[in-house]
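# Coordinate inspection notes
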Amino acid sequence: AVATFIYIKVVISDGMPSLSELENPKLNLATEIYSSDGVLLDHFYIERRVDLPFDSIPKNFIKALIATEDKNFYKHWGVHVSRIFQAAIKNLIAGHTKEGASTITMQLARNLYLTKETSLSRKIREAFTAIQIERNYTKNQILQLYSNTVYFGRGAYGVGVAAQVFFGKNPTELTLSECATLVALLKSPAGYDPFINPDKAIQRRDVVLNLMLNQNVITPAEFISAL
């Protein structure tokens, strides 16, 4: 028990973001160039990303995101303990990492502050960073940060850019079906790319819509229309 405590303490102290980093995350936003009459001419960027306020993020995207990635998002404090144990048991039985247990907040922690390495130490840092994020931000602020930073493929970071890249629309114009398609991409941006794998993209989109229906965030009529 003592050895475990020391290990966790060392892991937490090594590579964790500071309080100032948590309060002021670095976002690589695209610079937008407009003409004098307000027409968007070009972007300059390292990561193509535009920061949307929460009210400009489609409600159906938020519903699809929570239903698919973290249905208990509004109930936990950054880490879903029972989900972690369930995933650990399944991974132990499978003999390899078959299922993750990251909440939306843990995914945000990884995207903003941590590396993509697969290790126990990174998972511990991810969990404790998620708890700190929940202490510093409201749930809606966390959803806003996540929606503006997550990668959808094709160089698109954030739902604002993804709406343009995949559908040629402003995010507020996205349909339920299109929102579900974007959330579907998060599992595997390359594997579910609708330009390359349209059938797989539709199948994954339908999984997202089914999850939304089963959790009563859309009606049967909306589900059928979206299909």
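Here the structure is shown first, and the text comes after it.
What counts, and at which threshold
Residues numbered from 1 in each chain as written. Predicted model: local features only at pLDDT ≥ 70, side-chain atom pairs only at ≥ 80, totals over all residues. Heavy atoms only, no water. Helix = DSSP H or I, 4+ residues; strand = E, 2+ residues; numbered from the N terminus. Buried < 20%, exposed > 50% of the residue type's maximum accessible area, 1.4 Å probe, protein only. Contact = heavy atoms within 4.5 Å. Areas by Shrake-Rupley, 256 points an atom, 1.4 Å probe, with all protein chains shown as cover. Core = buried A, V, L, I, M, F, W, Y, C linked by side-chain atoms within 4.5 Å. Phe/Tyr/Trp six-rings, centres within 6.5 Å; stacked < 30°, edge-to-face > 60°. Lys NZ or Arg CZ within 6 Å of the ring centre and 35° of its normal.

Helix and strand content of the chain: eleven helices and five strands. For the chain, with 227 residues in total, the buried portion stands at 41%. Considering only intrachain contacts with a sequence separation of at least 6, the fraction spanning at least 24 residues in the chain is 57%. Carbon and sulfur atoms provide 56% of the accessible area of the chain, an area that totals close to 12,400 Å².

To continue, consider the nonpolar core. Phe61, Phe152 and Leu182 are the most contacted members of the largest nonpolar core, which totals 44 residues. Among the secondary structure elements, those contributing two or more residues to this core are α3 (59-69), α5 (104-113), α7 (139-149), α8 (159-167), α9 (176-185), α10 (198-214) and α11 (220-226). Ranked by residue count, the leading element in this core is α9, at seven residues. Beyond its immediate stretch of four places on either side in the chain, Phe61 contacts Ser147, Phe152, Val159, Cys179, Leu182 and Val183.

To continue, consider α8. Looking only at α8, the buried set comprises Val159, Gly160, Val161, Ala162, Ala163 and Phe166. Looking one or two residues past α8, Gly168 carries a phi angle of roughly 65°, positive in sign.

Okay, the environment of Asn60 next. Positionally, Asn60 belongs in helix α3. For Asn60, a relative accessible area of 25% corresponds to the partly exposed category. Contact partners of Asn60, with chain neighbours within four places excluded, come to Leu176, Cys179 and Met212.

Moving on, we get to the packing of aromatic side chains. Following the criterion strictly, the structure yields four aromatic pairs and no others. Ring centres 4.6 Å apart and planes at 40° place the aromatic pair Tyr151 and Tyr157 in the tilted group. Taking relative accessible area as the criterion, Tyr151 reaches 34% and is therefore assigned partly exposed. Among the residues examined, Tyr157 registers a relative accessible area of 21% and is labelled partly exposed. Ring centres of Phe166 and Phe195 lie 5.9 Å apart, and the angle between their planes is 15°; this geometry places the pair in the stacked category. Of this pair, Phe166 sits in helix α8 while Phe195 sits in the loop between α9 and α10, and the two are 29 residues apart along the sequence. Using a relative accessible area of 8% as the deciding quantity, one classes Phe166 as buried. It is Lys139 that lies over the ring of Phe73; its NZ or CZ is 4.4 Å from the centre.

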